[in-house]
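Survey of secondary and tertiary structure
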Amino acid sequence: GFDLHNVIRYNKVSRVLGSSSTDGRDVCRGSAADAARGCRGLAWSIYLDGNYAGATIYGNVLDGSSKGALIVNGGGNVSFYNNVVLAPKTAAVELSACYSGDAARVAWPGTTLRANVFYLPDAGSSAIALPGPPNARECTMIPGRVDSDRNLFWSPVADVAARALFPANGTLAAWRRGNASAPGGRDDAPPFRWAGGDRRSRVADPLFADVANGVLEPASPAFALSPIAAS
């Protein structure tokens, strides 16, 4: 891992498409994953790869990429706050903070998700997700390394509180409870413990004045979720 202390702020990133080709002819531009065609289907608005750590990401509007808004791939110490996430196709945020079978610690600790607006108009998208199948043997989430709270979640097509939008195919209620009583009592081996997250987050209509550009009405409940207040 490495830590460069980069800051990504005040950008609008829209409709990011990924392309790949295994034979030099068939280009899978914007396509979902399709192994037979060599399509990886990997495109996020912000892609922190290769154990990258230390980014501060705030004040951005991240719109409609073919996967989601942010992936933290093996890294950590990432602060993601006051962003508006619009229409992710798979997951708003994907956290590849992993436990490998040899008990090696892959991910850095300390990633925070605070005071963001997650707008999920696609019925198949998640808010916070793991890479691949939940709790896959090769890469199992260590939720205790994620501090997620004071976010606003909303979907115009589904009940956010009832859907499995959080790690380990969990609902918001399960994510808030955590599993601090898990057998073993260790944070570095499964079943992992975590105290729970997003306990002060809300499920509410963000009240967009201009949804295409992530502009909120002055009465939006998002303005009550300031990370300054959370400190």
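Preceding block: the structure.
Figured I'd write up the structure that's included with this text. (Residues numbered from 1 in each chain as written. Predicted model: local features only at pLDDT ≥ 70, side-chain atom pairs only at ≥ 80, totals over all residues. Heavy atoms only, no water.)

To continue, consider the sheet that holds strand S6 (residues 56-58). Overall, parallel pairing links the five strands, which are arranged S2-S6-S9-S13-S17 in an open sheet. Single-partner strands in this sheet number two, and they are strand S2 (7-9) and strand S17 (146-149). In this sheet, adjacent strand axes meet at a mean angle of 5 degrees when their direction is disregarded. Summarising the sheet, strand S13 (residues 111-114) and S17 pair through four bridges and their orientation is parallel. Opposite leucine 113, over in S17, you have serine 148 as the bridge partner. (Pairing = 2+ DSSP bridges. Helix = DSSP H or I, 4+ residues; strand = E, 2+ residues; numbered from the N terminus. Axes fitted to C-alpha atoms, helices over the stretch in contact; angles between N-to-C directions.)

For the structure on display, the rule yields three salt bridges. In this structure, aspartate 147 engages arginine 114 in a salt bridge whose closest nitrogen and oxygen atoms are separated by 2.9 Å. With aspartate 147 in strand S17 and arginine 114 in strand S13, this residue pair connects regions lying 33 residues apart in the sequence. (Salt bridge = Lys/Arg side-chain N within 4 Å of Asp/Glu carboxyl O.)

Turning to the pairing of S13, a few remarks are in order. Note: strand S9 (residues 79-81) against S13, three bridges, orientation parallel. Bridging from a neighbouring strand, serine 79 pairs with threonine 112 of S13.

Right, let's talk about the side chain of serine 45 for a bit. The residue serine 45 is located in strand S4 (residues 44-48) in this model. Residue class for serine 45 comes out buried when judged on its relative accessible area of 14%. Excluding its chain neighbours within four sequence positions, the residues that come into contact with serine 45 are Val13, Val16, Leu62, Asp63, Ser65, Gly68 and Ala69. (Buried < 20%, exposed > 50% of the residue type's maximum accessible area, 1.4 Å probe, protein only. Contact = heavy atoms within 4.5 Å.)

Here we take up the sheet that holds strand S18 (residues 152-154). Judged by pairing direction, the sheet is parallel, and its six strands sit side by side in the order S3-S7-S10-S14-S18-S19 without closing on themselves. Where the open sheet ends on each side, the last strands, each with one partner, are strand S3 (12-14) and strand S19 (202-203). The sheet contact formed by strand S10 (residues 84-86) and strand S14 (residues 117-119) spans three bridges and is parallel. Counterpart to valine 85 in the pairing with S14 is phenylalanine 118.

Turning to the packing of aromatic side chains, a few remarks are in order. Summed over all chains, the structure comprises seven aromatic pairs. Linked through ring pairs, Phe118, Phe153, Phe166 and Trp175 together constitute an aromatic cluster. (Phe/Tyr/Trp six-rings, centres within 6.5 Å; stacked < 30°, edge-to-face > 60°.)

Generally, phi is negative for residues other than glycine and the peptide bonds are trans, each holding for most cases. A positive phi angle, near 55 degrees, is found at alanine 87, a position not held by glycine. Within the fold, alanine 87 resides in the loop between S10 and strand S11 (91-96). Positive phi values are uncommon outside glycine, yet aspartate 198 reaches one of about 55 degrees. Following the sequence through the fold, aspartate 198 ends up in the loop between helix H1 (172-177) and S19.

In this section: the nonpolar core. Considering soluble globular proteins, one finds that nonpolar side chains tend to be buried as a cluster. If you look at the biggest cluster of nonpolar residues, it comprises 27 residues, and the most contacted ones within it are Leu48, Ile57, Leu70, Phe80, Val93 and Phe166. Breaking this core down by element, the ones donating at least two residues are S4, strand S8 (68-73), S11, strand S15 (126-129) and H1. The contact partners of leucine 48, leaving out residues within four places of it in the chain, are Ala55, Ile57, Leu70, Ile71, Val72, Asn73 and Val78. Membership of the second largest hydrophobic core comes to twelve residues, among which are Val84, Leu152, Ala222 and Leu225. (Core = buried A, V, L, I, M, F, W, Y, C linked by side-chain atoms within 4.5 Å.)

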